[in-house]
Amino acid sequence: MDKYQINHLKELEAESIFVIREVAAQFENPVMLFSGGKDSIVMFHLALKAFYPARVPFPLLHIDTGHNFQETLDYRDQLMEKTGAKCIVRLVQDSIDKGRAQEETGINASRNKLQTVTLLDALEELKFDAAMGGGRRDEEKARAKERFFSHRDEFGQWDPKNQRPELWSLFNGRKNMGEHFRVFPISNWTEMDVWQYIYMENIELPSLYYTHEREVFERDGVLMATAPFMQLRENEKPQKMQVRCRTIGDITCTGLTLSAANSLEDIIQEVAASRITERGGRADDKRSDAAMEDRKKEGYF
Amino acid sequence: MSGKNSGYLDMELLRFTTAGSVDDGKSTLIGRLLYDSKAIFEDQMEAIERASVRAGGEQVNLALLTDGLRAEREQGITIDVAYRYFATPKRKFIIADTPGHIQYTRNMVTGASTANVALILIDARQGVLEQTRRHAYIASLLQIPHLIICVNKMDLVAYQQEVFEGIVKDFEAIASKLSIKDVRFVPISALEGDNVVTRSENMDWYDGPTLMYLLENIHIGSDINRDDFRFPVQYVVRPQSKDWPDYRGYAGRVASGVVAVGDTVTVLPSGFSSKVKTIDLYRESLDKAFAPQSVTITLEDDIDISRGDMIVKSTNGRAARNDQNIEMMICWFNDKKMVPGGKYALKHTSAEVRCMIKDVQYKMDINTLEKEEKDLSVGMNDIARISVRTTKPLFFDAYNVNRMTGSVILIDEATNETVAAGMLL
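Remember, it's a predicted structure, so these values are computed and weren't measured experimentally.

*Asks:* Is there a simple way to think about the overall build of chain A in this case?
*Replies:* If you tally the helices and strands in chain A, you get eight helices and ten strands. Computed over C-alpha atoms, the radius of gyration of chain A comes to 19 Å, within 12% of the 19 Å expected from 2.2 N^0.38 for 301 residues, which places it in the range of a compact globule. Counting only C-alpha atoms, chain A reaches 55 × 55 × 40 Å along its principal axes. The contacts of chain A with a sequence gap of at least 6 include a subset with a gap of at least 24, amounting to 73%. Here chain A has roughly 11,700 Å² of accessible surface; of this, 47% comes from carbon and sulfur atoms.

Structure below.
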């Protein structure tokens, strides 16, 4: 590399900061979605960088399914306190209580899909016109065709066949009343880029990403955490194991990996050697080949 | 960090676009690059194995990896630009994979707009076709710095040198009519893997590099304009806090060139000059900034600067042009035809103005590369040379000098849709 070149991580960082600033400039009332997972943590770190020394000029929004790992919630609260950022929390339980969403039943019941209802309600209630999310195009094939600036109609839906062309770095955020945008600042990052960046920037993560002892059981070849709301089949025997999370969703859909990795270096080695994708452990994607495409059309992230 | 991983932290980023139709084996080639660079995981492989069986195929169909949406898998077509990622120890690659049929010119243009390299596939049995000409023209129109022509399916022409050389000659004849700076040719078989990642044993007569070697080694450091400092102001950072009561920073991404602390700069359109006081990136203070860094610049003097203004170096010999009458090549993206005399919103760097279509000089027939001067109605996928007048002057460079400050998009103010991409002349 010559003296006027930057490495891939710094180039991705520059691109993402550009996108986040563009959102702050083009929209009246943007929000950044925050789940407590590594992608949204990196996205928030980029937002801190984009506006320093000023504060991040928009709030965060956490859609809480009520089935989160406690470590995720603790991390979220500590981060907000440390950075002075504001995080709005909306509960899926409230949507259920109001009859807006119907709880799934059965052994694999999850509130993953119900999040969409709570999210869309929150966007409407708080009049957000752009919601940034930590989705990456390498995660899933329906995401591979997503734009940085993704237009949503008044029902919050995504129409993959009718997306706006996106050229150079000219982002068109114009919209009619009642419509909004989803924006994905880290679209071009891969799982490996995220981990290398966390290492380069020395970003603190929830302890769940590092090895720890936890009571787990095996379902369909995937290790899941036990919790009061997790129903076990007869043959599913809980036992303690040394595990860590490769992605963090809520407990009902997050697979755990047997791992002794207790540093970022270890995790990067593990990711480099891994032969299955990070979403391979995600029960929400396994429902069908087009599970993500279908959820996205409805307004999911 | 130990050996292998610390190396990975210093990779270059290369963006390339691929053009070709399904029949050229484009999806198979991408599948091959992903598979051989181990960017395909076991669960993805299992999924496409299942899908291949369902579709009744005998071999694992690597093309299924790149067909993302259900609608596409069902119809066996690609609808939209899809982005793919892989990395080798040297570089991280972003592929903008675009469908090659004529009705998808807009997707090809979209994919080409950010690419360092265009990869064009030619079926060795078919040779140079109309669509090859179309792909080459778009690559030159969008000024992609490097072109790699993959002559694919060499296995089906018995790996004959004459076939490859005939195609090279035919393509060079086209390239001579276009402004393409750097063209390479590689004979490959995406299906068999010849000359994709590993050298082919079937083509002793070819002593050039493999496709992967080219992708890893093509010099891209000079692709960005390093001469003309251009800094479109994106956002004004004003903390107005106890710690930073007077901080006023101009945030943006360096579009081209280099700037250093102490440099004298001029702000357009006001024309006021000042000196660069600091260049900030979060808690770091930098001595210089260059494209494509995102930074925040503060100046010695208090000047009124807002989003849409551009900061340039005062000493810059080729100062940005400043005009309300603008000539450009456009590619039209919308079902609704362009309205002569119509008004559109125009986005250029961080500036937004309105413009009126004054004139259409000609349309380009991208299959024959001839100018059409009689039928001047501009519709979906048409490429045309037009003149517009803007409500306010634009500060720009010609697209062939600067891709970032020479590009615009047109927006229909009624529907808010992006209806055209423009390359300024």
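*Asks:* For this particular structure, what's the right way to read the nonpolar core?
*Replies:* What tends to happen in soluble globular proteins is that the nonpolar side chains get buried as a cluster. Grouped together as the largest cluster of nonpolar side chains are 98 residues, with contacts concentrated most on A:Ile20, A:Met32, A:Phe149, A:Trp195, B:Phe231, B:Ile297 and B:Leu299. The contacts of A:Met32, once residues within four sequence positions are left out, are A:Ile20, A:Met43, A:Phe44, A:Ala47, A:Phe58, A:Pro59, A:Leu60, A:Leu61 and A:Met132. Ranked by size, the runner-up nonpolar core spans 75 residues in total, among them B:Val157, B:Leu178, B:Ile188 and B:Ile220.

*Asks:* Explain the interface of chain A and chain B to me, please; I cannot follow it from the model alone.
*Replies:* Many structure descriptions define interface size as the accessible area lost when the parts assemble. If you look at the interface, chain A gives 74 residues, while chain B gives 89 residues. Of the roughly 7,200 Å² buried between chain A and chain B on both sides combined, carbon and sulfur atoms contribute 56%. Looking only at chain A, the three residues that lose the most surface to chain B are A:Tyr4, A:Lys145 and A:Trp168, adding up to 13% of its buried area. Linking chain A to chain B there are six salt bridges. Counting every contact that joins chain A to chain B gives 27 residue pairs in polar contact (both at pLDDT 80 or more). Only helix H1 (8-26), helix H2 (38-51), helix H6 (191-201), helix H7 (264-273) and helix H8 (291-298) of chain A provide two or more residues apiece to the side of chain A that touches chain B. The element that contributes the greatest number of residues to the side of chain A that touches chain B is H1(A), accounting for 14 residues. Class assignment for the residues of the side of chain A that touches chain B results in 32 nonpolar, 18 polar and 24 charged.

*Asks:* What exactly am I supposed to notice about the packing of aromatic side chains here?
*Replies:* Centre-to-centre distance and the angle between the planes together describe a pair of aromatic rings. In total, this model carries 25 aromatic pairs over all chains according to the counting rule given. Both rings, one in B:Phe86 and one in B:Phe93, keep their centres 4.7 Å apart while their planes meet at 20 degrees; by these two values the pair is stacked. With a relative accessible area of 3%, B:Phe86 lands in the buried category. Residue class for B:Phe93 comes out buried when judged on its relative accessible area of 0%. Three or more aromatic residues joined by ring pairs make a cluster, and in this case those are A:Phe18, A:Phe27, A:Phe148, A:Phe149, A:Phe171 and A:Phe181.

*Asks:* For this particular structure, what's the right way to read the confidence of the model for chain A?
*Replies:* Should the pLDDT be low somewhere, the predicted coordinates at that spot are not to be read in detail. Mean pLDDT over chain A stands at 89; residues scoring 70 or higher make up 94%. Summarising per-element confidence for chain A, the mean pLDDT is lowest in H8(A) (70) and highest in strand E1 (residues 30-33) of chain A (98).

*Asks:* How do you make sense of the sheet that holds E1(A) when you look at a structure like this?
*Replies:* To summarise the sheet geometry, strands pair through backbone hydrogen bonds and adopt either a parallel or an antiparallel arrangement. Residues and elements named next belong to chain A. Pairing in this open sheet of six strands is mixed, and the strands run E3-E2-E1-E4-E6-E5 from one edge to the other. Each edge of the sheet is formed by a strand with only one pairing partner; in this case those strands are strand E3 (87-91) and strand E5 (149-152). Each strand axis lies, on average, 30 degrees off the axis of its neighbour in the sheet, ignoring direction. Each of E1, strand E2 (60-64) and strand E4 (130-132) touches H2; the most contacted strand, E1, lies at about 140 degrees to it. Running over the sheet, helix H5 (residues 115-125) touches E1, E2, E3, E4 and strand E6 (180-183) and is turned about 145 degrees from E2.

Scoring rules and cut-offs
Residues numbered from 1 in each chain as written. Chains lettered and ligands numbered in written order. Predicted model: local features only at pLDDT ≥ 70, side-chain atom pairs only at ≥ 80, totals over all residues. Heavy atoms only, no water. Helix = DSSP H or I, 4+ residues; strand = E, 2+ residues; numbered from the N terminus. Rg over C-alpha atoms; globule rule 2.2 N^0.38 Å. Contact = heavy atoms within 4.5 Å. Areas by Shrake-Rupley, 256 points an atom, 1.4 Å probe, with all protein chains shown as cover. Core = buried A, V, L, I, M, F, W, Y, C linked by side-chain atoms within 4.5 Å. Buried < 20%, exposed > 50% of the residue type's maximum accessible area, 1.4 Å probe, protein only. Buried area = accessible area lost by both parts, 1.4 Å probe. Salt bridge = Lys/Arg side-chain N within 4 Å of Asp/Glu carboxyl O. Polar contact = N/O pair within 3.5 Å; in protein donor to acceptor, adjacent residues only side chain to side chain. Nonpolar A, V, L, I, M, F, W, Y, C, P; charged D, E, K, R; others polar. Phe/Tyr/Trp six-rings, centres within 6.5 Å; stacked < 30°, edge-to-face > 60°. pLDDT = per-residue confidence, 0-100. Pairing = 2+ DSSP bridges. Axes fitted to C-alpha atoms, helices over the stretch in contact; angles between N-to-C directions.

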